[in-house]
Amino acid sequence: MKAIDIRNKYLNYFKSKGHVIIPSAPLIPENDPSVLFTTAGMHPLVPYLLGEKHPQGKRLTDYQKCLRTVDIDEVGDNRHLTFFEMLGNWSLGDYFKEESIKMSFEFLTKELNIPVEKLSVTVFAGDDDAPRDTESAEYWKKVGMPEDKIYYFGKDDNWWIAGEEGPCGPDTEMFYDTGKPACSENCNPSCDCGKYVEIWNNVFMEYYKTKNGKYTKLEQKNVDTGLGLERINMLLQGKETPFDTEIFLPIMEKLKELAKNDNISSRRIVAEHLRASMMIIADGGRPSNIDRGYILRRLIRRMTRHLSKLEISLDNIDELIDLNIDVLKEMYPELVEKKETIKSVILEEKDKFMKTLVNGEKEFEKEILKAKNENKDKIDGKTVFRLYETFGFPPEVTEELAEEKGFKVNLEEIDSLFKEHQEKSRLGAEQKFKGGLADQNEITIAYHTATHLLHKALKIVLGDHVKQAGSNITNERMRFDFTHPQKVTKEELEKVEEIVNEQIKRELDVKCEEMTLEEAKASGAIGLFENKYGDIVKVYTIGDFSKEICGGPHVSNTKELGTFKIKKEEASSAGVRRIKAILIK
Ligand code: SER
């Protein structure tokens, strides 16, 4: 059985159970700027999960193209993917736990012929927000799941929500036993030793988590399920990684044939990033310096870099795209239709990257000259990092070139700088999901600090009811949404502008401290407390003016901001106003 056969079996099975097959929504969400890409099958269905009537009825099924970027740096190992396909079935206020469990069990054991012995399941253990899900456990027993294969876990494992706010509920997850030996006496499905692999997640969505962390009951009880296609395909074929299945194998083998310097991790990165890039482009994505465009840019550049690492000529990209389209065309016919666009976007981005590398090399030469003049035999980590951050010049290239010229580089120092950088990018990416900052450079960082100043100034001028409702930053401007019942007058805007500029002129230092969430609250820091920041939070203080919980990064002194100018004030949604502003240097 191949992936496409599993997909067809799935859709047909649920069709036979009264579900309507709906098409996959595009990878790039329509009218939803709050997320970069569609990350789950339920994502395009949110309005219907909240009670709006779906034109196709109450039972739906589909395959959904998804992309998750949190693990982008992990790709290259034996399991992480950015793009993947999720099979799903939904009940919009129709069947609930019993029927959902019955159908999942039947599909796994009768359609996919998985022996019951290979399966185990988990259900929600219960807490203050929702009761223990003994009901689901009972239904599992009823269909034939042995009691000792039913595990109870808390919210971390058995509760599903997309992001911080929205429809959610306890879930029951199904696991496949790979037959690997147990890692310990206590080995169970929540363990990530590799023995148990999660295959399917049925969410019993009957709650809504509000912005302030409260759980309210939804109008209707829904079921939302998700089954990762690449994973189940790999397991059913008895393969160790998705790269060993028909989805990736032809390209993995082609890369092996072409590589003069083979390395499996680089081949996986090329194969995975190429597929993901093609899918994004086919759905309308284009490389840029922000948001989704930046993710696409990173995917293409990383792929290019690893092709070079494999010592495969970049002239082969064209042929690799052809091959990949051939492999995937049955599953995603849109790739055939968009073939020329896919090629031109990827090749153009590759050329841009090569130019970047040339510029980086020039800068590198300057650094070498400087080091020579200063009689140094080392290139320091900061320089390597600057070449990377400013010119996109990969550190391993700097290292190689430096060595050729008889210079050493301090690798340890680079490692720690990169860790810091990765942490910043991670926090940045998380911010984006709250409608914030994804790309980081001198300009966007300055805007980020200006956002804190604006937030505080609005509180001063309009009142304490002002709360951040969203933020979006590009290289050109900042956009800030905040709660306020009426239009902000011209005078008020002028006052806000004046306050912000005053703080810039005061040349206030920006300080970052880490503390517990409790300490942060006690210190008077503002911020979205209901968000899960983890136990320790970062608090940014701007002089004596503002104090906010925030992932950063920020400038070190407000004098770096230039002049703050409000360009527009308008309504964003009911009770929410929007300000667009710029910094002039
Ligand atoms: N939304 C759930 C998930 O992504 C089930 O589809 O796992």
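Residues numbered from 1 in each chain as written. Predicted model: local features only at pLDDT ≥ 70, side-chain atom pairs only at ≥ 80, totals over all residues. Heavy atoms only, no water.

Enquirer: Describe the packing of aromatic side chains, with residues and values.
Expert: One pass over the structure, following the stated rule, counts 18 aromatic pairs. Judged by centre distance (5.6 Å) and plane angle (65°), the rings of Phe96 and Phe204 are edge-to-face. Highlighted residues: Phe96 in the loop between strand S3 (83–92) and helix H3 (97–111) and Phe204 in strand S8 (residues 196–209), separated in sequence by 108 residues. Each member of the pair Phe96 and Phe204 is classed as buried. Here the guanidinium or amino end of Arg7 rests over the ring plane of Tyr332, the centre of that ring lying 5.4 Å away. Positioned over the ring face of Tyr196 is Lys195, at 5.7 Å from the centre of the ring. (Phe/Tyr/Trp six-rings, centres within 6.5 Å; stacked < 30°, edge-to-face > 60°. Helix = DSSP H or I, 4+ residues; strand = E, 2+ residues; numbered from the N terminus. Buried < 20%, exposed > 50% of the residue type's maximum accessible area, 1.4 Å probe, protein only. Lys NZ or Arg CZ within 6 Å of the ring centre and 35° of its normal.)

Enquirer: Which residues make up the site of the ligand, and what are the values?
Expert: The immediate surroundings of the ligand are formed by Ala40, Met42, Arg68, Met86, Trp160, Asn201, Val203, Asp224, Thr225 and Gly226. Between the ligand and Arg68 there is a distance of 3.4 Å, counted from an oxygen atom to a side-chain nitrogen or oxygen. Interatomic distance of 3.0 Å between a side-chain N/O atom of Asn201 and an oxygen atom of the ligand. Burial of the ligand by the protein chains amounts to 95% of its free accessible area of 230 Å². Elements that contribute at least two residues to the shell around the ligand include exactly S8 and strand S9 (215–228). (Near = heavy atom within 4 Å. Polar contact = N/O pair within 3.5 Å; in protein donor to acceptor, adjacent residues only side chain to side chain. Areas by Shrake-Rupley, 256 points an atom, 1.4 Å probe, with all protein chains shown as cover.)

Enquirer: Break down helix H6 (residues 229–236) for me, with residues and values.
Expert: Counting buried residues in H6 gives six out of eight residues, a clear majority hidden from the surface. Within H6, burial applies to Leu229, Glu230, Ile232, Asn233, Met234 and Leu235. Looking one or two residues past H6, Gly238 carries a phi angle of roughly 65°, positive in sign.

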